[in-house]
Amino acid sequence: MALRRAKRHEHPTPPNGAAVELSGVRRQYGRGAGAVHALRGIDLVLPRGSFTAVMGPSGSGKSTFLQCAAGLDRPTAGSVRLGGTEIGGMSENRLTELRRSRLGFVFQAFNLLPSLTVEQNVLLPMRLAGQRPDRHRAAEVLTQVGLGDKGGRRPSELSGGQQQRVAIARALVTRPDVVFADEPTGALDTTTAAEVLGLLRGAVDSAPRFAGDAPMGATVVMVTHDPVAAAYADRVLFLADGAIADTLPRSSPERIADRMRALTAPAYAGAAA
Ligand code: ADP
């Protein structure tokens, strides 16, 4: 167990390094005339302690981007570095281990295990990564998301917003290099969505409180359709046809929505300008 725990620190992210680095990432499905170019050469550096939103029309490559960046899919060409580690040549086993110990995931449908308690769900990534389940850490992240008193409940006893907060606690428990969120507010009402986004924002902004904590807050990459959600991010990337068509620094929902409209209906945007 001690050996396994030490492994986590084998390739620590350099203090000022990028959490995620993509260079020349291409992903092609099929070959020849019928080939689909889902990603056409993505170059991107996501700094540690940053919150990035990824937007774009349906079919623009958002899911493929997230999957390649998180080591769930392999690019056809180019390289992906996670916390300073090139994942290209890694075996499936090593990649799975890296995902479990150094990445966190939040999904639209929460994806909690119904038969486990809230605390057990939060501890699951630690168990899967071969780390000793740390109940103090579980209590800490549950408190961070406002559910310090719900550790013994089952997911079905909680509201949708509470379940997503458990999922965020689960994503943060291993102090991952990066949290990947795929439409995390897609199943939530506006008020609950704002709470969840506030928590993600807070995780990025939070200063270290304990010796083992990263020197900066979490790094979050979030795919979303919602300009209001994207307005919580430090930077918004707009994908179109497999390429980064535009980026915005932290902006209002209105500005982000305008940029989306320009992307999906250039003629209209030109006429309106
Ligand atoms: P988004 O998430 O923005 O909707 P995707 O990444 O899902 O976009 O898809 C990008 C493009 O790649 C689309 O044209 C889609 O049809 C295609 N694509 C995605 N997955 C596959 C696959 N497994 N096989 C073939 N084409 C795919």
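As the structure is a computational prediction, the values presented were derived from the model and not from experiment.

1. Some points on helix H4 (residues 118–128)
Moving on, step 1. Within H4, eight of the eleven residues are buried, which leaves it mostly tucked inside the rest of the structure.
Moving on, step 2. All of the buried residues along H4 are Val 118, Glu 119, Asn 121, Val 122, Leu 123, Leu 124, Pro 125 and Met 126.
Moving on, step 3. On its buried side, H4 packs onto helix H3 (92–102), helix H5 (135–144) and helix H6 (160–172).
Moving on, step 4. Once H4 finishes, Gly 130 follows within two positions and takes phi at roughly 75°, a positive value.

2. A short note on the sheet that holds strand E5 (residues 85–86)
Moving on, step 1. Spatially, four strands are ordered E2-E1-E4-E5 in an open sheet, and the strand pairing comes out antiparallel. Each having just a single partner strand, strand E2 (36–47) and E5 make up the two edges of the open sheet.
Moving on, step 2. Alignment of strand E1 (residues 18–29) against strand E4 (residues 77–82), held across five bridges, turns out to be antiparallel. Within E4, the residue paired with Val 20 across the bridge is Leu 82.
Moving on, step 3. Sheet strands touched by helix H2 (residues 62–69): E1, E2 and E4. Its angle to E1, the strand with the most contacts, is close to 125°.

3. So, the sheet that holds strand E9 (residues 235–240)
Moving on, step 1. Strands sit in the order E6-E7-E8-E3-E9-E10 across an open sheet of six strands; the sheet is mixed. The open sheet has two edge strands, strand E6 (103–107) and strand E10 (243–249), and neither has a second partner. Within this sheet the neighbouring strands show an average axis-to-axis angle of 20°, counted without direction.
Moving on, step 2. Here E9 pairs with E10 via six bridges, running antiparallel. In the strand pairing of E10, Arg 235 is matched with Pro 249.
Moving on, step 3. With respect to the sheet, H3 is in contact with E6 and strand E7 (178–182), its orientation differing from that of E6 by roughly 75°.
Moving on, step 4. Contacting E6 and E7, H6 crosses the sheet at an angle of about 170° to E6.

4. Here we look at H6
Moving on, step 1. End to end, H6 covers 19 Å across 13 residues, agreeing with the expected 18 Å (1.5 Å per residue, within 8%).
Moving on, step 2. Summarising burial for H6: twelve of the 13 residues are buried, a large majority.
Moving on, step 3. Of all the positions in H6, only Gly 161, Gln 162, Gln 163, Gln 164, Arg 165, Val 166, Ala 167, Ile 168, Ala 169, Arg 170, Ala 171 and Leu 172 are classed as buried.

5. Focus on the nonpolar core
Soluble, globular proteins show a tendency: their nonpolar side chains are buried together.
Moving on, step 1. Ranked by size, the top nonpolar core spans 45 residues in total, and within it Val 122, Ile 168, Met 222, Val 236 and Ile 256 carry the most contacts.
Moving on, step 2. Examining the composition of this core, we find that seven residues originate from one element, helix H7 (residues 190–205), more than from any other.
Moving on, step 3. When neighbours within four sequence positions are excluded, Met 222 is seen to be in contact with Phe 51, Thr 52, Ala 53, Val 54, Ala 181, Pro 184, Leu 197, Leu 200, Ala 229 and Ala 230.
Moving on, step 4. Of all hydrophobic cores here, the second largest spans 28 residues; its members include Val 20, Phe 65, Ala 69 and Val 223.

6. Quick word on the site of the ligand
Moving on, step 1. Neighbouring the ligand are Tyr 29, Val 36, Ala 38, Pro 57, Ser 58, Gly 59, Ser 60, Gly 61, Lys 62, Ser 63 and Thr 64.
Moving on, step 2. Take Gly 59: an N or O atom from its main chain is 2.7 Å from an oxygen atom of the ligand.
Moving on, step 3. One of the side-chain N or O atoms of Lys 62 is found 2.8 Å from an oxygen atom in the ligand.
Moving on, step 4. The fraction of the free accessible surface of the ligand (560 Å²) that becomes covered by protein chains is 58%.
Moving on, step 5. Of all the elements in the fold, those that place two or more residues in the shell around the ligand are E2 and H2.
Moving on, step 6. Per-element accounting of the shell around the ligand gives the leading share, three residues, to H2.
Moving on, step 7. Among the residues forming the shell around the ligand, the class breakdown is four nonpolar, six polar and one charged.

Here is what the cut-offs are and how they apply
Residues numbered from 1 in each chain as written. Predicted model: local features only at pLDDT ≥ 70, side-chain atom pairs only at ≥ 80, totals over all residues. Heavy atoms only, no water. Buried < 20%, exposed > 50% of the residue type's maximum accessible area, 1.4 Å probe, protein only. Helix = DSSP H or I, 4+ residues; strand = E, 2+ residues; numbered from the N terminus. Contact = heavy atoms within 4.5 Å. Pairing = 2+ DSSP bridges. Axes fitted to C-alpha atoms, helices over the stretch in contact; angles between N-to-C directions. Expected span 1.5 Å × (residues − 1). Core = buried A, V, L, I, M, F, W, Y, C linked by side-chain atoms within 4.5 Å. Near = heavy atom within 4 Å. Polar contact = N/O pair within 3.5 Å; in protein donor to acceptor, adjacent residues only side chain to side chain. Areas by Shrake-Rupley, 256 points an atom, 1.4 Å probe, with all protein chains shown as cover. Nonpolar A, V, L, I, M, F, W, Y, C, P; charged D, E, K, R; others polar.

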